[in-house]
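Overview (structure and organization)
One-letter residues, chain by chain:
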Amino acid sequence: MPVRILFVCLGNICRSPMAEFIMKDMVARAGLTDKIYVESAATSYEEEGNDIYPPARRKLDREGVPYSKRGARRITASDYEIFDMIIAMEKRNISGIMRVIEKDPDHKVRTLLDRDIADPWYTGDFDRTYDDLTEGCAALLNELRAITNNSRKDTSSR
């Protein structure tokens with residue numbers, strides 16, 4: 001069973017889908033697509049059904065990160081049971097996540113970085129957001145490699 005990750009931001013049209021596709025690309029390059037599953041969601045309904053914001057798509061294009069057409073969706077309470085990690089782009093997103101899931105007894109909810117990742121919808125700085133997301137996704141991938149290696153060792157010792 002793969003480790004299941006859900007990236008979350010306010011609208012699910014800039015940061016969280018960029019993180020989703022950056023992470024999927026990193027996972028594919030690492031040969032771990034059977035070990036790590038990635039999606040993204042929003043804390044609001046504002047952009048529900050909308051595809052990735054065009055400047056975010058253009059930034060992914062410039063960086064050679066593949067993506068697919070998708071529709072923004074809001075996080076649901078059932079996502080807590082489905083995903084192993086729910087990763088917010090900023091501390092404020094955690095409040096929105098908690099309004100939906102109510103409790104985090106398994107400590108699944110956290111931010112991608114120790115600092116907030118600025119929302120390029122407001123800043124217009126897609127380069128900075130991309131750099132922050134790449135930094136966070138690379139660190140997360142290293143963490144997940146350790147998890148998947150340990151689970152492989154656990155099953156091979158049986």
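Fair warning: this is a prediction, and the values are worked out from it, not measured in the lab.

**A word on the overall build of the protein**
What the protein contains, in helices and strands, is 6 helices and 4 strands. Element order for the protein, N to C, with α for helix and β for strand: β-α-β-α-α-β-α-β-α-α. The C-alpha atoms of the protein give 15 Å as radius of gyration, which agrees with the globular expectation for 158 residues (15 Å, within 12%). Counting only C-alpha atoms, the protein reaches 50 × 35 × 30 Å along its principal axes. Looking at the protein as a whole, 49% of its 158 residues are labelled buried. Once local pairs closer than 6 in sequence are excluded, the contacts in the protein between residues at least 24 apart make up 75%. Mean positive and mean negative side-chain charge positions of the protein (25 and 27 charges, respectively) differ by 3 Å.

**Some thoughts on the sheet that holds strand β3 (residues 85-88)**
The strand order β2-β1-β3-β4 describes an open sheet built from 4 strands, whose pairing is parallel. Looking at which strands have only one partner, the edges of the open sheet turn out to be β2 (36-42) and β4 (109-111). Averaged over neighbouring strand pairs, the angle between their axes works out to 25° when direction is ignored. Pairing of strand β1 (residues 3-9) with β3 involves 4 bridges; the strand directions are parallel. The residue of β3 that forms the bridge with V8 is A88.

Cut-off values and rules
- Residues numbered from 1 in each chain as written.
- Predicted model: local features only at pLDDT ≥ 70, side-chain atom pairs only at ≥ 80, totals over all residues.
- Heavy atoms only, no water.
- Helix = DSSP H or I, 4+ residues; strand = E, 2+ residues; numbered from the N terminus.
- Rg over C-alpha atoms; globule rule 2.2 N^0.38 Å.
- Buried < 20%, exposed > 50% of the residue type's maximum accessible area, 1.4 Å probe, protein only.
- Contact = heavy atoms within 4.5 Å.
- Lys, Arg positive; Asp, Glu negative; His and termini not counted.
- Charge placed at Lys NZ, Arg CZ, Asp CG, Glu CD.
- Pairing = 2+ DSSP bridges.
- Axes fitted to C-alpha atoms, helices over the stretch in contact; angles between N-to-C directions.

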